Amino acid sequence: MKFLVTGAAGFIGYHVAARLLADGHQVVSIDNLNDYYDVALKIARLDLLVNKPKFQFIKLDLADREGIAAMFAEHNFQRVIHLAAQAGVRYSLENPLAYADANLIGHLNVLEGCRRNNVEHLLYASSSSVYGLNRKLPFSTEDSVDHPISLYAATKKANELMSHSYSHLYGIPTTGLRFFTVYGPWGRPDMALFKFTKAILAGESIDVYNHGEMYRDFTYVDDITEAIVRLQAIIPQADPEWVVEEGSPTTSSAPYHVYNIGNNTPVKLMEYISVLEQALGITACKNMLSMQSGDIVDTHANTAELYNAISFEPATSVQDGVKRFVNWYQEFYKFQ
Ligand SMILES: NC(=O)c1ccc[n+]([C@@H]2O[C@H](COP(=O)([O-])OP(=O)(O)OC[C@H]3O[C@@H](n4cnc5c(N)ncnc54)[C@H](O)[C@@H]3O)[C@@H](O)[C@H]2O)c1
């Protein structure tokens, strides 16, 4: 099949593109290679893809309306996996407009591309951050997600709403993917595991927010990829019996669905750090700090619905996942 994977120079997009190519699919990817984090890491990921015969890369910005429209018109995509975005909760306090361009205008341009070119299924990244002020754990896709606490989260919730409207208006099947703290090889330099590893190896102290009193459903990237590969084959169907008063918020009378993709095993931040310390064989010097605004204290995914749909749910332990990240990091950055 022919896929568009947006953001293949990014962490998750790289893994998804590599997996689809290994499965024999054709993959086109766009990315603007922005410098939100180290561009060399983005290029290094792409370098592993560009020599594969069924891969094509186009440097393109999601907000470039004409460019995105022309790219969609040129290719006849059957599936679109939209992962490019301005990621990161904390940066959305500093540079909110980057989120408007990439996540709002960009998402609309992707929806328009799907609409004009009869794409069979659009899957797009949402986030556990949409759960915002919710306190009931585990977070369920049945729960209301109307109280985001960062602009990043608001743009991800907006993506779900925009997608629903296009599923309803134009019958485009859309699947929203609420990822929970993804980590693994080729991970993001702005995320905790990468930052901690870099600092510990440099003999610097690490910043531990909320004095370590946080739980995260850390989800290994291969589990995310497996779930996406399975979900792309499950095309949401319109349910004519569905009514808003009784229906689940995860489905609709439109061909629309939203899933949690998380490990369903929250790990305390201090435990995650201790697993990293063991993998590195070094004890970190910790700088205990208060909570950062925009951050959620605990995340925990209810994945029953995901499992019902694809007979799979993420389960890689942080012990295994962190070790694999450290092995990759030490090899890539030549740190022995
Ligand atoms: N990693 C996580 O823990 C996590 C959790 C929840 C949701 N998500 C979402 O999953 C998706 C992938 O995240 P990731 O961790 O791989 O992030 P990433 O930053 O590594 O990848 C995103 C890619 O999109 C590209 N991009 C950004 N703005 C663009 C634009 N305007 N035009 C074209 N390309 C652009 C970037 O250059 C980058 O390569 C994102 O939508 C993110 O919001 C990630």
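As the structure is a prediction and not an experimental result, all values here were calculated from the model.

Side note on the side chain of aspartate 31
Within the element layout of this structure, aspartate 31 appears in strand E2 (residues 26–31). Despite its burial, aspartate 31 remains without a salt bridge, the nearest opposite charge being carried by lysine 42 at 5.0 Å. Polar side-chain contacts of aspartate 31 include one of 3.3 Å to the backbone nitrogen of alanine 9. Among the polar contacts made by the side chain of aspartate 31, one reaches the main-chain amide nitrogen of leucine 33 at a distance of 2.8 Å. Leave out the neighbours within four places in its chain, and aspartate 31 touches Gly7, Ala8, Ala9, Gly10, Phe57, Ile58, Lys59 and Leu60.

Quick look at helix H11 (residues 318–332)
The end-to-end C-alpha separation of H11 is 20 Å, in line with the 21 Å expected for 15 residues at 1.5 Å each. Every buried residue of H11 is accounted for by Val318, Gly321, Val322, Phe325, Val326, Trp328, Tyr329 and Gln330. In the core, the buried residues of H11 are packed alongside helix H2 (39–50), strand E7 (182–183), helix H7 (192–201), strand E10 (219–220), strand E12 (267–268) and helix H9 (269–280). Looking one or two places after H11, you find lysine 334, whose phi comes out positive at around 55 degrees.

Section: the site of the ligand
Close contacts around the ligand come from 28 residues, with Ile12, Asp31, Tyr37, Tyr152 and Val182 the closest. A distance of 3.1 Å separates an oxygen atom of the ligand from a polar atom in the backbone of glycine 10. Contact between the ligand and arginine 188: an oxygen atom at 2.9 Å from a side-chain N or O atom of the residue. Protein coverage of the free-state accessible area of the ligand, which is 820 Å², stands at 96%. Of all elements in the fold, only helix H1 (11–22), strand E5 (121–127) and helix H6 (151–170) reach the threshold of two or more residues within the shell around the ligand. Sort the elements by how many residues they give to the shell around the ligand and E5 lands first, with 3 residues.

Structural notes on the nonpolar core
Ranked by size, the top nonpolar core spans 65 residues in total, and within it Ile81, Phe179, Tyr272 and Val322 carry the most contacts. Among the elements that make up this core, the one with the highest residue count is H1 (7 residues). Ignoring any residue separated from it by four or fewer positions in sequence, one finds phenylalanine 179 in contact with Ile12, Leu83, Ala125, Ser126, Ser127, Ser128, Ile224, Ile228 and Ile261.

Let's talk about the pairing of strand E6 (residues 174–179)
Most of E6 is tucked away, with 6 of its 6 residues classed as buried. Note that E5 and E6 share 6 bridges and pair parallel. Bridge pairing in E6 places alanine 125 opposite leucine 177. Read as a crossover between parallel neighbours, the route from E5 over H6 to E6 is right-handed.

Considerations on the packing of aromatic side chains
With the rule as written, the count across this model stands at 27 aromatic pairs. Between phenylalanine 218 and tyrosine 272, the aromatic rings sit 3.5 Å apart at their centres with planes inclined by 10 degrees, giving stacked as the arrangement. With phenylalanine 218 in the loop between strand E9 (215–216) and E10 and tyrosine 272 in helix H9, this residue pair connects regions lying 54 residues apart in the sequence. Neither residue differs from the other here; phenylalanine 218 and tyrosine 272 are each classed as buried. Relative to tyrosine 333, the ring of tryptophan 328 lies with its centre 6.1 Å away and its plane at 80 degrees, an arrangement referred to as edge-to-face. Through a chain of ring-to-ring contacts, three or more aromatic side chains come together here, namely Tyr14, Trp186, Phe194, Phe325, Trp328, Tyr329, Phe332 and Tyr333. Cation over ring: lysine 42 sits above tyrosine 37, and NZ or CZ is 4.6 Å from the ring centre.

Side note on the pattern of salt bridges
Taken as a whole, this structure holds 13 salt bridges when the rule is applied. Across the salt bridge formed by glutamate 226 and arginine 19, the nearest N and O atoms sit 2.8 Å from each other. Of the two residues, glutamate 226 is situated in helix H8 (residues 221–231) and arginine 19 in helix H1; the sequence distance between them amounts to 207 residues. Judged by relative accessible area, glutamate 226 falls into the buried class, the value being 18%. Owing to a relative accessible area of 24%, arginine 19 belongs among the partly exposed residues under this scheme. With a closest N to O distance of 2.8 Å, arginine 178 and glutamate 160 form a salt bridge. Highlighted residues: arginine 178 in strand E6 and glutamate 160 in helix H6, separated in sequence by 18 residues. Its relative accessible area of 4% is what places arginine 178 among the buried residues.

Observations regarding the packing of H7 against H9
Where H7 contacts H9, the axes come no closer than 11 Å and their chain directions differ by 45 degrees. The angle between H7 and H9 places the two elements in the oblique class. The way H7 lies across H9 gives a crossing that is right-handed. Together, Leu193, Phe196, Thr197, Ile200 and Leu201 of H7 and Leu269, Tyr272, Ile273, Leu276 and Leu280 of H9 make up the contact between the two elements. Residues that form the contact of H7 with H9 fall into these classes: 9 nonpolar, 1 polar and no charged.

Parameters at a glance
- Residues numbered from 1 in each chain as written.
- Predicted model: local features only at pLDDT ≥ 70, side-chain atom pairs only at ≥ 80, totals over all residues.
- Heavy atoms only, no water.
- Helix = DSSP H or I, 4+ residues; strand = E, 2+ residues; numbered from the N terminus.
- Buried < 20%, exposed > 50% of the residue type's maximum accessible area, 1.4 Å probe, protein only.
- Lys, Arg positive; Asp, Glu negative; His and termini not counted.
- Salt bridge = Lys/Arg side-chain N within 4 Å of Asp/Glu carboxyl O.
- Polar contact = N/O pair within 3.5 Å; in protein donor to acceptor, adjacent residues only side chain to side chain.
- Contact = heavy atoms within 4.5 Å.
- Expected span 1.5 Å × (residues − 1).
- Near = heavy atom within 4 Å.
- Areas by Shrake-Rupley, 256 points an atom, 1.4 Å probe, with all protein chains shown as cover.
- Core = buried A, V, L, I, M, F, W, Y, C linked by side-chain atoms within 4.5 Å.
- Pairing = 2+ DSSP bridges.
- Right-handed = clockwise from strand over helix to strand, strands pointing away.
- Phe/Tyr/Trp six-rings, centres within 6.5 Å; stacked < 30°, edge-to-face > 60°.
- Lys NZ or Arg CZ within 6 Å of the ring centre and 35° of its normal.
- Axes fitted to C-alpha atoms, helices over the stretch in contact; angles between N-to-C directions.
- Parallel < 35°, antiparallel > 145°, perpendicular 65-115°, else oblique.
- Left-handed = near helix turned anticlockwise from the far one by under 90°.
- Nonpolar A, V, L, I, M, F, W, Y, C, P; charged D, E, K, R; others polar.

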